[in-house]
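Listed below are the residues making up each chain.
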Amino acid sequence: MSRKKSFSPKKRIALLVGAAALVGGTAVAMTGTSQASVECDGLNTALGNNQRFIDGQRAAPDALSDARIANRQDVIEEIKRKQAASGCEVGVSDTGAAPPAEAAPPAGDEGAGAGEDAGAGEDAGAGAGAGQVGEVVCAGSTVTLSGEAGAPAASSNEFPVGTTLKVTNLDNDKSTTVRVTAPSGSCALLNDAAFEQVREPGKFLIRNARIERVG
């Protein structure tokens, strides 16, 4: 004959408290893991964007490709340092985050030190069909950082150098208006200064963004 095991009221309360603590601890751990995942995803995407850009420059080089590649290699090292500081796996990149860099226009100034006027290397076909002034473009695109220093700016594979874009983080309603200064492997890739103006603390990826062509 089986006997049903019973617990005193005090033991039942202790068991319930212990179960609640276990659930709460699991929720905190999952939240922390989710936050870290978003942070690492953004850095992985930034690394992949820069790696694809280098691949594109090597596939279709021009007079400034060596300088651009050297610059992006420095950027990649900075992103790797951010990955290490954030506890992410260093060197991992999101290879599917954007179209191949070969699609990006090879010409264009990579920065003030490149020795060429920013508009001189514009590809006449870049940005074709990418929307009129004031129109929301690149719907559904995520936005991350290039890892480059300098005044707020952006790079793009959709718009020529000199285009002005407004990028809004719809999760916190912060926006920045920046000029495209170089080609890249995604619709709008913000440098560090521009990304700081719109990002949420601890995040290196904007999943819910609005990108507008404003000039």
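Participant: Please set out the nonpolar core residue by residue, giving values where relevant.
Facilitator: Ranked by internal contacts, the top residues of the largest apolar core, which has 29 residues, are Val143, Leu190 and Ile211. If you list the elements that add at least two residues to this core, you get α1 (9-59), α2 (65-85), β2 (143-145), β4 (164-169), β5 (174-183), α3 (192-198) and β8 (209-213). Excluding its chain neighbours within four sequence positions, the residues that come into contact with Ile211 are Glu135, Val136, Val137, Cys138, Ser141, Val143, Leu165, Lys166, Cys187 and Ala188.

Participant: Just give me the short version of the packing of aromatic side chains, but keep the residues and values in it.
Facilitator: Scanning the entire structure with this criterion turns up 0 aromatic pairs. Seen from the ring of Phe53, Arg72 lies directly overhead, with NZ or CZ sitting 4.0 Å from the centre. We note Arg199 situated over the ring of Phe204; from NZ or CZ to the ring centre the distance is 4.7 Å.

Participant: Could you give me a rundown of the sheet that holds strand β3 (residues 154-156), with the residues and numbers involved?
Facilitator: Strand order in this open sheet of 8 strands is β1-β8-β4-β5-β3-β6-β2-β7, and the pairing throughout is mixed. Every other strand in the sheet has two partners, leaving β1 (136-137) and β7 (205-206) as the edge strands with one partner each. Pairing of β2 with strand β6 (residues 189-190) involves 2 bridges; the strand directions are parallel. What sits directly across from Thr144, in β6, is Leu189.

Participant: So what about the state of the cysteines? Which residues, and what values?
Facilitator: According to the stated counting rule, one finds 2 disulfides in the structure shown. A disulfide bridge connects Cys40 with Cys88, and the sulfur atoms are separated by 2.1 Å. Negative torsions about the S-S bond denote left-handed disulfides, and the value of about -90° found for Cys40 with Cys88 makes this one left-handed. Of this pair, Cys40 sits in helix α1 while Cys88 is found in the loop between α2 and β1, placing the two residues 48 residues apart along the sequence. Put simply, Cys138 and Cys187 are joined by a disulfide, and their sulfur atoms are 1.9 Å apart. Every disulfide takes its handedness from the sign of the S-S torsion; for Cys138 and Cys187 that torsion is 80°, giving right-handed. Taken as a pair, Cys138 in the loop between β1 and β2 and Cys187 in the loop between β5 and β6 lie far apart in primary sequence, 49 residues in all. Should the bonded cysteines of the protein be numbered as they appear in the sequence, the pairing reads 1-2, 3-4.

Participant: Account for the confidence of the model for the protein, naming residues and giving values.
Facilitator: Mean pLDDT for the protein: 72, with 64% of residues reaching 70 or above. The lowest-confidence element of the protein is α1, averaging 64 in pLDDT; the highest-confidence one is β4, averaging 95. Across residues 19-32, confidence stays below pLDDT 50; counting only partners more than four residues off in sequence or on other chains, it has 0 contacts. A low-confidence stretch, residues 96-129 (pLDDT under 50), is modelled with 68 contacts involving residues beyond four sequence positions or located in other chains.

Participant: Before we move on, can you summarise the pattern of salt bridges with the specific residues and values?
Facilitator: This model, assessed by the stated rule, comprises 10 salt bridges. For Arg207, the salt bridge identified is with Asp41, shortest N-O distance 2.8 Å. Of this pair, Arg207 sits in the loop between β7 and β8 while Asp41 sits in helix α1, and the two are 166 residues apart along the sequence. Judged by its relative accessible area of 28%, Asp41 is partly exposed. Across the pair Arg72 and Glu148 runs a salt bridge whose closest N-O atoms are separated by 3.9 Å.

About the cut-offs
- Residues numbered from 1 in each chain as written.
- Predicted model: local features only at pLDDT ≥ 70, side-chain atom pairs only at ≥ 80, totals over all residues.
- Heavy atoms only, no water.
- Core = buried A, V, L, I, M, F, W, Y, C linked by side-chain atoms within 4.5 Å.
- Buried < 20%, exposed > 50% of the residue type's maximum accessible area, 1.4 Å probe, protein only.
- Helix = DSSP H or I, 4+ residues; strand = E, 2+ residues; numbered from the N terminus.
- Contact = heavy atoms within 4.5 Å.
- Phe/Tyr/Trp six-rings, centres within 6.5 Å; stacked < 30°, edge-to-face > 60°.
- Lys NZ or Arg CZ within 6 Å of the ring centre and 35° of its normal.
- Pairing = 2+ DSSP bridges.
- Disulfide = S-S within 2.5 Å.
- pLDDT = per-residue confidence, 0-100.
- Salt bridge = Lys/Arg side-chain N within 4 Å of Asp/Glu carboxyl O.

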